[in-house]
Amino acid sequence: MSTDNRLLHALYRDMRRIRSLEERVSELFVRSESAGSMLHLSIGEEGIAGVVHAMERQDSFTTHHRGHGIFVARGAEPARMLAEIAGKANGYCRGKGGSMHIADMGLGHLGANAIVGGGIAHAVGAALAYKRKKQPRVSVAFFGDGAMQQGILYESMNLAALWSLPVVFACINNQYGMGTRVDRAAANLAFDDRARAFGLDGVIVDGADVELVHETAERVLSNARQGKPGFMSLTCYRFYGHARMDKSPYRDEAEEAAGRARDPLKKARDKLIARGAKAAELDALDAEIAAEMDAALEAAVNSSLPSVDSMFEDVFAPDQPKPVPVRTRLNAILSEAAK
Amino acid sequence: MSTDNRLLHALYRDMRRIRSLEERVSELFVRSESAGSMLHLSIGEEGIAGVVHAMERQDSFTTHHRGHGIFVARGAEPARMLAEIAGKANGYCRGKGGSMHIADMGLGHLGANAIVGGGIAHAVGAALAYKRKKQPRVSVAFFGDGAMQQGILYESMNLAALWSLPVVFACINNQYGMGTRVDRAAANLAFDDRARAFGLDGVIVDGADVELVHETAERVLSNARQGKPGFMSLTCYRFYGHARMDKSPYRDEAEEAAGRARDPLKKARDKLIARGAKAAELDALDAEIAAEMDAALEAAVNSSLPSVDSMFEDVFAPDQPKPVPVRTRLNAILSEAAK
Amino acid sequence: MSAIETTYREALRQALIDAMNEDPDIVVLGEEVGLYGGAYGVTKGLIDQFGPERILDTPISEAAIVGAAVGAAMSGLRPVAELMYVDFVGIVMDQLANQAAKIRYMFGGQIGVPMVLRSQGGTGRSAAAQHSQSLEAWMAHVPGLRLAMPATVNDAYHLLRHALTLPDPVVFLEHKGLYVQKGTLDTAQPDAPWGKAVVRRAGHDLTIVTYSKMLLESLAAAEQLAAQGVSAEVIDLRTLNPLDEETVANSVRRTHRAMVVTEAHLTGGFSAELSARIHESCFDHLEEPVARVAGEDIPIPVSPPLERNAVPNAQLITETGLWLVQRKAPAWAL
Amino acid sequence: MSAIETTYREALRQALIDAMNEDPDIVVLGEEVGLYGGAYGVTKGLIDQFGPERILDTPISEAAIVGAAVGAAMSGLRPVAELMYVDFVGIVMDQLANQAAKIRYMFGGQIGVPMVLRSQGGTGRSAAAQHSQSLEAWMAHVPGLRLAMPATVNDAYHLLRHALTLPDPVVFLEHKGLYVQKGTLDTAQPDAPWGKAVVRRAGHDLTIVTYSKMLLESLAAAEQLAAQGVSAEVIDLRTLNPLDEETVANSVRRTHRAMVVTEAHLTGGFSAELSARIHESCFDHLEEPVARVAGEDIPIPVSPPLERNAVPNAQLITETGLWLVQRKAPAWAL
Ligand SMILES: Cc1ncc(C[n+]2csc(CCOP(=O)(O)OP(=O)(O)O)c2C)c(N)n1
Ligand SMILES: Cc1ncc(C[n+]2csc(CCOP(=O)(O)OP(=O)(O)O)c2C)c(N)n1
Ligand SMILES: [Mg+2]
Ligand SMILES: [Mg+2]
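Small disclaimer: the values here were computed from a predicted structure and weren't measured. (Residues numbered from 1 in each chain as written. Chains lettered and ligands numbered in written order. Predicted model: local features only at pLDDT ≥ 70, side-chain atom pairs only at ≥ 80, totals over all residues. Heavy atoms only, no water.)

It is worth spelling out the coordination of the magnesium ion (ligand 4) at this point. Residue and element names in this part refer to chain B. Bound to the magnesium ion (ligand 4) are the protein donor atoms D145 (OD), N174 (OD1) and Y176 (O), situated 2.0 to 2.1 Å from the metal. Each donor residue of the magnesium ion (ligand 4) lies on the same chain, and together they follow the pattern D-x28-N-x1-Y. Here Y176 lies in strand β5 (residues 176-177) and D145 lies in the loop between β3 (139-144) and α6 (151-163), a separation of 31 residues in the sequence. Side by side, D145 and Y176 carry an identical accessibility label, which is buried. (Donors = N, O, S within 2.8 Å, 3.2 Å for Na, K, Ca; no water. Helix = DSSP H or I, 4+ residues; strand = E, 2+ residues; numbered from the N terminus. Buried < 20%, exposed > 50% of the residue type's maximum accessible area, 1.4 Å probe, protein only.)

What follows is the structure, given as structure tokens:
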């Protein structure tokens, strides 16, 4: 394989893994094995693999409520992800965070956030630490187009530019914030203008073209590493509803069909085949990934739930006293009174 | 007088009244008659009179902590202003608000705000009401360059543009937010770019040239009245410290001298004289204003403080029960227990 | 007969419809209140009925939404701003507590801010730490705000209707676990006037003071307690501001024992205020200390068994009741 | 001899200097902390000593400041973020309560957020409703946050030093009326370990529980009470989280009467939590209900005579003490 093809092949693999994982997330829900229904699938957004692939091992990132895909591309263990989404003890966060709060410090995942815009400034802070410690690291804040309307984003951009921090703001513009199409949320859709107005480099890129995303991200990340923070927005389409239960009644089929036609996964596959890859080989890869994900799903389903006592852990550091349970307090009070 | 001169004369008068009032605010403090020392003078920013003059009678506005001048230009009664700043019962807010919270619904003053950026969205909401009620009114949000770094401003701009609201964002860029020069606070000083990126018309204007400010404001306000919200930033210089006690050690004399040389009041006066006005007449006007302000100062100083009981009023509307004073509660509890 | 069987969600929706039909100045604004019909469906269909000029879908800009509602309320409208989850109130506390709540006061009574901030809180959907909180204590500590927390279908309707007539800002907190709750709505007949607590079940051994969804757990517990010979009176506060101390005190002076039940974290929660007030007003009548049965002092975990145990339930209330009245120690009391 | 006479402000400043000298990961960020030296002068000169890379002047972007501090704390720094007035916390409550406080928990203990949020509150400068508040109750209700409120010069130093060693986020609330307060600083000797309350004055008739500036009013009142034959014990909590219930309970079980004194609004204030806990732990020992002497339930007015009366003072504490111990009704008790 040429370098080009090798890269695209790797990206294709990441993208297939994202989609395959998300299908299992959906299945968890269908099997009533997920912790709740607030599950936000990143199907249609697999182009983000291009950004993740452009990151170095030492780089870090924060994600939003629709962050599974980013983390999969980063190398998450599917079984631990699904276990977390199912609220199991062996999940990434011991079953405390769930789908919207997955994190893994080992892989530089500083955390998914269920507050729209909530994790953006954390990436800025991480970048501040890297700069101060003279580490050659970049932090990437991933968020949706909805967060483009949260004030903290602009405060964060301004800080990043003012302090020349190694941080990248990566918007995943999937055209919707819940039921609100982006043009009903933002008066000016040239989000790159906004970034530039705050002193950042800004670029909008076709999120369906993962090679283009990757190339752009390499440039933006390399600038950031040199103290020129940047913004990039990936244009894509949210294939399914906002969360697992949403059937998207607010948009019509024609629009959905057009949106789904811009499928980053299919596009990569078509390109690979056009460049000489064998369909059968890709099918085999897909099947291998499917098997991995199926195994992960079963492992998650078969994992244990956390013990109730564990809920008093992790409020503070392990060496600190734990919160006093309500029952313990009541017992002390009523026993004392009963004396 | 030509129309031009008449206008400039009126603007000069407003500007002189602003400066003259602010000098009395300072005097209140010196005489230990002000309520506290959080007094922010608008000397150097008198060019705002151009914006206020461009407003119609039915228009409204919100201001920031440095809002005396705007309100004077709008026609505030100096005695009631100074009384409020002195915490007196006959002040605009019954001595409850003080310098940073003066308001007057009669004059469309929806309130000064001590939270940087705090009043901006209120003007947007007022404009929403005007639009819904089909009233030909505009609301103007005045704020400082410091507020350009508060996220709520961009959320507000976006809302205004998205909903085509009759609102104007008026930034008074006096080069400082406390001790922070604006270029240490913002990565890109082209604030008009920011406004445009959010879908608004944006313009930066020399705040020392009150005629230019007025002309610009007329255009921006008239666009806003037609549903095209706008942004304007007046470039000026904060002649004195941030608040009454600040001696601005963070900036040097040369800079201050250059800043103060761009005096909107002097510039207007020079222009008037160049256009044929008599210095003596202007002096007479100045003296008349000084006398008015002196009288207002004495009236404020001689006004009564509010009764302590009045502090339980205005938490809720007059027809609602008032909060129970701590003493009343204690009395009830201890009397009951003593039975 | 004006009484119908319906849900909490529908009662809220009907309240908005009826109020909007009567008062043309009412507008609803918030994320997904229009086309989507509200994250929990409370505003479903309203945009068709009242049009996009009165049902305003907003961007995800909570601070500006509440700020705009404040300005609109000062300018002749009566906005109903919806905050999708009360957990997001941290983004708007400035506009709520420094602006909406203080404007009348700071401006010496010149103007009020007649707006309603609707939101919902609570556990029950495995929505995790940032979507499951009960944050009423923050709002209850802000002078100038009214605070309603309906537990019943009829209150959902009438408290919202009343809130939409008040001259001052009202925070109106629903519970995500109550939307599907069924009950009787009598649009002509509120359970009690605004600001009055309601005794939902009469009893003489113990007074349980609660509000919002914990009313259901408390009533279930009262049933279980009755089976064991304990007669519990259950008081639903309905509004935390105004707070009806009298109904509570009158009850406790009769029963001599009191329990406060809230879903919110124990420490610094409104349960503390209630406990303090009961002690203050009933000091000489109490046979036992007021028991606070409240949420644990931990963020809400996502895993269902943990989430369930992070907040009180009927069993804990029952056991505490038996402990209080019969000195019957539960299993967790060694 | 390491003890010197200095001010609360200088003690805080010295704590920052000493901690920064020891721990190169400490950075200070906030509005005006650098060139200006801090709105209340606590960081004066630090930028000269530590340079602009460790003392970071920020734009007026509170949410991003706290958010950046959170991210930095997760990435190897130990940030001290300064919020100029605690009144602005409404802008940052999301970053504080949903992010800083919950990150360790949501992420299953993977990482902590070792940061300190310094701020100051309280009345006394005619700074009006948006610059005079006492909002500790909001923070005290958030699991995952520590909360320190020093009242003395020595505590200003040692509690801040200790906060800067903790693995979890600490909210550190100073009082604007204490900065010029003089006292003894012994850098080698804290008044007590972190998390322990201190009995500032011993007594046997009445326990006064307080913190922050109200300690001064309480001590003054204790003096006046002594002159009238009432021996008041005064407890300074120093930290609200951790909360030292034991020291309080031990005292009240001896004195049989308790008063809680806070500057914050009464309703929903931390005074309620303290009152509730005293009742709970000392139920059978109390001769009178716990009296809460707290701020009025009104926004803080600007006019000096009103502002003064909006919060407790020594006289009110004294009168309440006499009422509690000697049943001597004050003038305001008809
Ligand atoms: C501060 C805040 N406001 C509102 C929500 C509710 N909410 C969750 S996701 C979402 C839409 C977000 O849209 P976008 O940022 O485009 O992300 P996407 O869901 O499209 O990936 C909303 C409104 C939230 N979680 N946090
Ligand atoms: C939200 C908030 N942050 C910080 C402050 C403290 N503060 C008051 S005025 C000010 C500077 C404001 O600068 P600018 O907006 O330029 O107005 P100016 O004082 O120059 O008129 C600051 C930081 C505040 N009042 N509110
Ligand atoms: Mg989106
Ligand atoms: Mg300025």
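Once the structure has been displayed, the description carries forward.
Right, let's get into the relation of the copies chain C and chain D. The operation linking the two copies of the chain is a rotation about an axis combined with a translation along the axis. Take chain C, turn it by 180 degrees, move it 0.0 Å along the axis, and it overlays chain D with an RMSD of 0.0 Å. One copy is carried onto the other by what is essentially a two-fold rotation axis. (Least-squares fit on C-alpha atoms with pLDDT ≥ 70 in both.)

For the rest of this paragraph, the subject is the coordination of the magnesium ion (ligand 3). Residue and element names in this part refer to chain A. On the protein side, the magnesium ion (ligand 3) has D145 (OD), N174 (OD1) and Y176 (O) as donor atoms, found 2.0 to 2.2 Å from it. Here the donor residues for the magnesium ion (ligand 3) map to a single chain with the spacing D-x28-N-x1-Y. With relative accessibility at 4%, the residue Y176 sits in the buried group.

Another aspect to go through is the domain arrangement of chain C. Residues and elements named next belong to chain C. When cut into domains, chain C gives domain 1 (4-185) and domain 2 (198-326). Inter-centroid distance (C-alpha atoms) of domain 1 to domain 2 is 26 Å. Contacts between the two partners involve 27 residues from domain 1, matched on the other side by 23 residues from domain 2. Taken over both partners, the interface formed by domain 1 and domain 2 buries close to 2200 Å², and the fraction arising from carbon and sulfur atoms is 56%. Contact with domain 2 buries surface across domain 1, with T123, S126 and M149 losing the most and accounting together for 23% of the total. For the pair domain 1 and domain 2, the number of links is two salt bridges. Of the charged contacts, one joins R238 and D155 as a salt bridge, the two residues approaching to 2.8 Å between their closest N and O atoms. One can count 15 residue pairs in polar contact (both at pLDDT 80 or more) joining domain 1 with domain 2. For the side of domain 1 that touches domain 2, the secondary structure elements donating two or more residues are α6 (136-140), β6 (146-148) and α7 (153-163). (Domains from an automatic or database assignment. Contact = heavy atoms within 4.5 Å. Buried area = accessible area lost by both parts, 1.4 Å probe. Salt bridge = Lys/Arg side-chain N within 4 Å of Asp/Glu carboxyl O. Polar contact = N/O pair within 3.5 Å; in protein donor to acceptor, adjacent residues only side chain to side chain.)

Close to ligand 1 lie 23 residues, the nearest being H65, R66, A114 and Y176 of chain A together with E62 of chain C. Chain contributions to the surroundings of ligand 1 come from chains A and C. Here an oxygen atom of ligand 1 sits 3.0 Å away from a polar atom, N or O, in the side chain of D145 of chain A. Take H131 of chain C: an N or O atom from its side chain is 3.4 Å from a nitrogen atom of ligand 1. Calculation on ligand 1 without its partners gives an accessible area of 580 Å², and the protein chains cover 98% of this total. For the shell around ligand 1, the residue count by class is ten nonpolar, nine polar and four charged. (Near = heavy atom within 4 Å. Areas by Shrake-Rupley, 256 points an atom, 1.4 Å probe, with all protein chains shown as cover. Nonpolar A, V, L, I, M, F, W, Y, C, P; charged D, E, K, R; others polar.)

One pass over the full model with this rule turns up 25 aromatic pairs over all chains. On the numbers, 6.3 Å between centres and 85 degrees between planes, the contact of Y176 of chain A with Y237 of chain A is edge-to-face. Remark: Y237 of chain A occurs in the loop between β8 (230-235) and α9 (253-261) and Y176 of chain A occurs in strand β5 (residues 176-177); sequence separation between them is 61 residues. Assigned by exposure class, Y176 of chain A and Y237 of chain A land together as buried. Geometrically, the ring pair formed by Y85 of chain D and F88 of chain D is tilted, given 5.5 Å between the ring centres and 45 degrees between the ring planes. With a relative accessible area of 8%, F88 of chain D lands in the buried category. A network of ring pairs unites the aromatic residues Y8, Y40, Y85, F88 and Y179 of chain C as a single cluster. (Phe/Tyr/Trp six-rings, centres within 6.5 Å; stacked < 30°, edge-to-face > 60°.)

Counting from both sides, the interface comprises 48 residues of chain A and, opposite them, 49 residues of chain C. Here chain A and chain C share an interface that buries about 4000 Å² over both sides, 66% of which is from carbon and sulfur atoms. The interface formed by chain A and chain C contains one salt bridge. One salt bridge in this structure joins D57 of chain C and R184 of chain A, with 2.8 Å as the shortest N-O distance. Our count for the chain A to chain C interface comes out at 15 residue pairs in polar contact (both at pLDDT 80 or more). Broken down by element, the side of chain A that touches chain C gets its largest block of residues, ten residues, from helix α12 (residues 326-338) of chain A.

It is worth spelling out the packing of helix α5 (residues 120-132) of chain A against helix α3 (residues 62-73) of chain D at this point. Their axes nearest at 6 Å, the elements α5 of chain A and α3 of chain D cross at an angle of 55 degrees. Relative to α3 of chain D, the element α5 of chain A lies oblique. In this structure, the crossing between α5 of chain A and α3 of chain D has a hand that is right-handed. Every residue of α3 of chain D that contacts α5 of chain A at A121, H122, V124, G125, A126 and A129 of chain A is listed here: A64, G67, A68, V70, G71 and A72 of chain D. (Axes fitted to C-alpha atoms, helices over the stretch in contact; angles between N-to-C directions. Parallel < 35°, antiparallel > 145°, perpendicular 65-115°, else oblique. Left-handed = near helix turned anticlockwise from the far one by under 90°.)

Take the site of ligand 2 next. Every one of the 23 residues lining ligand 2 counts as a neighbour, but H65, R66, A114 and Y176 of chain B together with E62 of chain D are closest to it. Taking G146 of chain B, its main chain carries an N or O atom lying 2.8 Å from an oxygen atom of ligand 2. Between an oxygen atom of ligand 2 and a main-chain N or O atom of Y176 of chain B, the distance comes to 2.7 Å. About the coverage of ligand 2: the protein hides 98% of its 570 Å² of free accessible area.

Residue and element names in this part refer to chain C. In terms of burial, strand β4 (residues 78-83) is a largely internal element, six of the six residues being buried. Residues R78, V80 and E82 point to one face of β4 and P79, A81 and L83 to the other, with burial holding for every one of them. By the bridge criterion, five bridges tie strand β2 (residues 26-30) to β4 in an arrangement that is parallel. The residue of β4 that forms the bridge with I26 is R78. Sheet topology note: the β4/strand β5 (residues 116-121) ladder contains four bridges and is parallel. By the bridge assignment for β5, V80 is matched with V116. (Pairing = 2+ DSSP bridges.)

What tends to happen in soluble globular proteins is that the nonpolar side chains get buried as a cluster. Counting residues in each nonpolar core, the largest one holds 408 residues, and the members touching the most others are F169 of chain A, F169 of chain B, M139 of chain C together with M139 of chain D. Not counting chain neighbours up to four residues away, the residues in contact with F169 of chain A comprise I120, V124, A141, F143, L153, S156, M157, A160, L200, G230, F231 and M232 of chain A. (Core = buried A, V, L, I, M, F, W, Y, C linked by side-chain atoms within 4.5 Å.)

Contact with chain C, which involves 47 residues of that partner, is made by 48 residues of chain D. Around 4100 Å² of area is buried between chain C and chain D when both sides are counted, 61% of it from carbon and sulfur atoms. Among the residues of chain C in contact with chain D, W138, H141 and F283 of chain C are the three that bury the most area, contributing 18% of the side total. For the pair chain C and chain D, the interface holds four salt bridges. Here E280 of chain C makes a salt bridge to R292 of chain D, at a shortest N to O gap of 2.7 Å. In this assembly, chain C and chain D are joined by 28 residue pairs in polar contact (both at pLDDT 80 or more).

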